[in-house]
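Architecture at a glance
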Amino acid sequence: MAERHGKVFVEFKDDIAIIRLIGGENRVDPVFINAFNNALKQVEGNVRVKALITIGEGKFYSNGLNLRWLSAQSLGAKLDFFTLLNKLFVRLLTFPMPTFAAINGHAFAAGMMIALCHDYRVMRQDRGWMCMNEVFNGMTFQVFMLNLLK
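Description of the structure in this document.

The rules behind each value
Residues numbered from 1 in each chain as written. Predicted model: local features only at pLDDT ≥ 70, side-chain atom pairs only at ≥ 80, totals over all residues. Heavy atoms only, no water. Axes fitted to C-alpha atoms, helices over the stretch in contact; angles between N-to-C directions. Helix = DSSP H or I, 4+ residues; strand = E, 2+ residues; numbered from the N terminus. Parallel < 35°, antiparallel > 145°, perpendicular 65-115°, else oblique. Left-handed = near helix turned anticlockwise from the far one by under 90°. Contact = heavy atoms within 4.5 Å. Nonpolar A, V, L, I, M, F, W, Y, C, P; charged D, E, K, R; others polar. Pairing = 2+ DSSP bridges. Salt bridge = Lys/Arg side-chain N within 4 Å of Asp/Glu carboxyl O. Buried < 20%, exposed > 50% of the residue type's maximum accessible area, 1.4 Å probe, protein only. Disulfide = S-S within 2.5 Å. Core = buried A, V, L, I, M, F, W, Y, C linked by side-chain atoms within 4.5 Å. Phe/Tyr/Trp six-rings, centres within 6.5 Å; stacked < 30°, edge-to-face > 60°.

Here we look at the packing of helix α1 (residues 30-44) against helix α3 (residues 75-93)
Packing of α1 against α3 leaves a shortest axis separation of 10 Å and a crossing angle of 25°. Looking at the two axes, α1 sits roughly parallel to α3. Note that α1 runs across α3; the crossing there is left-handed. Note on element contacts: α3 touches α1 through F81, L84, L85, L88, R91 and L92, opposite P30, I33, N34, F36, N37, L40, K41 and E44. Broken down by class, the residue content of the contact of α1 with α3 amounts to nine nonpolar, two polar and three charged.

Side note on the sheet that holds strand β5 (residues 60-62)
Spatial ordering of the open sheet is given by β5-β7-β9, a layout of three strands whose pairing is parallel. Across the chains shown, the open sheet's two edge strands, defined by having one partner strand only, are β5 and β9 (130-131). Pairing of strand β7 (residues 106-108) with β9, which is carried by two bridges, proceeds in the parallel orientation. Its bridge partner being in β9, F108 is matched across the sheet by C131.

Quick word on the pattern of salt bridges
Per the counting criterion, the structure on display carries four salt bridges. Notably, a salt bridge pairs R91 with E44, separated by 2.6 Å at the nearest N-O pair. In this pair, R91 is assigned in helix α3 and E44 in helix α1, connecting sequence segments 47 residues apart. You can call R91 partly exposed: its relative accessible area is 22%.

Concerning the state of the cysteines
According to the stated counting rule, one finds zero disulfides in the structure shown. In this structure C117 is a free cysteine whose sulfur lies 17 Å from that of C131, the closest cysteine sulfur available.

Remarks on the nonpolar core
In terms of nonpolar packing, the biggest core is built from 39 residues, with I19, V28, F36, V43, L85 and I114 touching the most fellow members. By residue number, the principal contributor to this core is α1, which donates seven residues. If we skip the residues at most four places from it in the chain, V43 touches V10, F12, A17, I19, V49, L52, F95 and M97.

Some details on the packing of aromatic side chains
Here the structure, examined in full by the defined rule, presents four aromatic pairs. Measuring from centroid to centroid gives 5.8 Å for F32 and F36, while their planes differ by 65°, and the two rings are edge-to-face. Remark: F36 and F32 occur in helix α1; sequence separation between them is four residues, near one turn of the helix. We classify F32 as buried; its relative accessible area is 5%.

Next up, the structure:
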């Protein structure tokens, strides 16, 4: 059985759940987070599943925040968004089964953080970078993100 949740696709192979990020660059915004959460809910609801794998497609696992969307938001909406994002991080960190990020390509910023929230990570050697470009842009990290990076 497979089901699409917007730009996120869930399939089951034997006792493994695979969440495919199928939105191109897989930019993180509320639509992406809600789709990811719906997929996680479907995985949790399948009692046969023993492990979860997430993977992007093409050259991106996730290219980070949807900055175009974020820059158009009010301060309150931005704070609400980062609360929603942190809840996704916590949900992945505490997911009730082993999680594996199969990093098929670039994983930047929030995309890298999502990958770090998995129990295990594997990445192609011939394609893709992991990067926290906030460092190069002089941006600050939330305390939660700093602790996760430690």
